[in-house]
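One-letter residues, chain by chain:
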Amino acid sequence: MERCTMSPARAENDVTGVVTNIQHFSVHDGPGIRTLVFLKGCPLRCLWCGNPETQAFRPEIGSVAERCRPGCSACREACPAGALARGTSGVMLPDTSFCRECAPLSEGRPPCAAACTAGALRVYGTRRGAGEILDEVEQDIVFYRHEGGGMTLSGGEALAQPEFALALLREAGRRCIHTALETCGFVPSETFLTACSLLDYLLFDLKLADEELHERATGVGNARILENLRLARAAFPHLPIRVRTPVIPGVNASRAAVRALGEHLMDMRNISWELLPYHAYGNAKYAGLGRRCREYAVPDGECMKELEETARHFARVVSAEEHAGSCL
Ligand code: SF4
Ligand code: SF4
């Protein structure tokens, strides 16, 4: 990879993609202090997804319930498509089947959001250029230099916008910025391995070993995911890989499920494994998007400890507290 060069800006800077959010100063998604770039769109539909606003590829509108004012209809009056109506909760909600046609959405300021002075309508997803994103990421470079860290691509599934994701990674490399990727692994192997060649660190999500259960819980089978993990380990033995497993009661929060996943990891070197307890932080966002979500119990400390003990038989386990700022 061409890294840390002072060569003038190239075509990568002009590649555009849809980004949901850029989050600064994260300490949970790769080593050191990270700037997270969330790319919009995901091929999976995990039943417990905490970021439903990142699933669809197109930009969309969501409501923030506590800000929406009773008796107000400014957004509805501004909407040329008749796409807004009050839901049963009394909050103004978008109807995505109508909203899809609104062109200004991709530029971040559609008429409905512009009309809402309460800030109750959020635009999820704006089209941005890779160079512009890297300019923003680069503003944090002083923190990376002091604390370690860099840019982490997340999603959705970042590699579901392959040209854009690869442009971001290449450009980060040129600017000497440490690169990490969080992936669900359900991407074409060629794209995935190209991304690995541009990475300093890989966060790889593994949810279930059983293919049928995986398909029921996420909408896709896991054969390609497991194969991509194997390929990455074989082709890039020095790339640190952190496998991450969300622990969802009723889905995979059992010793048997952890053991079955562990069997795929036990012969792999340079791998660490993190079990992440389910949380319900995303539930309000489902409501704001006019969607229903499934609710699960939050696994308690005892449950997590027990599962981590099982996981330790197969790989080096990193617990959530240990994770902050840690490297493999
Ligand atoms: S979303 Fe904003 S503009 Fe629309 S009804 Fe609520 S407060 Fe009014
Ligand atoms: S984005 Fe456009 S079409 Fe969709 S609700 Fe807002 S104004 Fe209406």
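Residues numbered from 1 in each chain as written. Chains lettered and ligands numbered in written order. Predicted model: local features only at pLDDT ≥ 70, side-chain atom pairs only at ≥ 80, totals over all residues. Heavy atoms only, no water.

**Quick word on the domain arrangement of the protein**
Right, on to step 1. The assigned domain composition of the protein is domain 1 (11-55 + 128-323) and domain 2 (60-124).
Right, on to step 2. Tallying the contact residues gives 9 residues for domain 1 and 7 residues for domain 2.
Right, on to step 3. A combined buried area of about 650 Å² lies between domain 1 and domain 2, and 57% of that area is made up of carbon and sulfur atoms.
Right, on to step 4. Contact with domain 2 buries area across many residues of domain 1, yet K40, G288 and L289 alone supply 58% of it, more than any other trio.
Right, on to step 5. Where domain 1 touches domain 2, the interface holds 1 salt bridge.
Right, on to step 6. A salt bridge links K40 to E60; the shortest N-O distance between them is 2.7 Å.
Right, on to step 7. Counting across the interface, domain 1 meets domain 2 through 2 residue pairs in polar contact (both at pLDDT 80 or more).
Right, on to step 8. With 3 residues, the single largest contributor to the side of domain 1 that touches domain 2 is helix 11 (residues 283-288).
Right, on to step 9. Residues belonging to the side of domain 1 that touches domain 2 are distributed by class as follows: 3 nonpolar, 3 polar and 3 charged. (Domains from an automatic or database assignment. Contact = heavy atoms within 4.5 Å. Buried area = accessible area lost by both parts, 1.4 Å probe. Salt bridge = Lys/Arg side-chain N within 4 Å of Asp/Glu carboxyl O. Polar contact = N/O pair within 3.5 Å; in protein donor to acceptor, adjacent residues only side chain to side chain. Helix = DSSP H or I, 4+ residues; strand = E, 2+ residues; numbered from the N terminus. Nonpolar A, V, L, I, M, F, W, Y, C, P; charged D, E, K, R; others polar.)

**Quick look at the site of ligand 1**
Right, on to step 1. Close contacts around ligand 1 come from C68, R69, C72, A74, C75, R86, M92, C116, A118, A120 and L121, and that covers them all.
Right, on to step 2. Classifying every residue of the shell around ligand 1 gives 9 nonpolar, no polar and 2 charged. (Near = heavy atom within 4 Å.)

**Some words on the packing of aromatic side chains**
Right, on to step 1. Summed over all chains, the structure comprises 3 aromatic pairs.
Right, on to step 2. On the numbers, 4.9 Å between centres and 80 degrees between planes, the contact of F25 with F143 is edge-to-face. Highlighted residues: F25 in strand 1 (residues 16-26) and F143 in helix 5 (residues 141-147), separated in sequence by 118 residues.
Right, on to step 3. Relative accessible area serves as the criterion here: at 48%, F25 is assigned to the partly exposed category.
Right, on to step 4. With centroids separated by 5.8 Å and ring planes inclined at 70 degrees, the aromatic side chains of F192 and F204 adopt a geometry described as edge-to-face. Highlighted residues: F192 in helix 7 (residues 189-197) and F204 in strand 10 (residues 201-205), separated in sequence by 12 residues. The pair F192 / F204 is uniform in exposure class, with both members buried. (Phe/Tyr/Trp six-rings, centres within 6.5 Å; stacked < 30°, edge-to-face > 60°. Buried < 20%, exposed > 50% of the residue type's maximum accessible area, 1.4 Å probe, protein only.)

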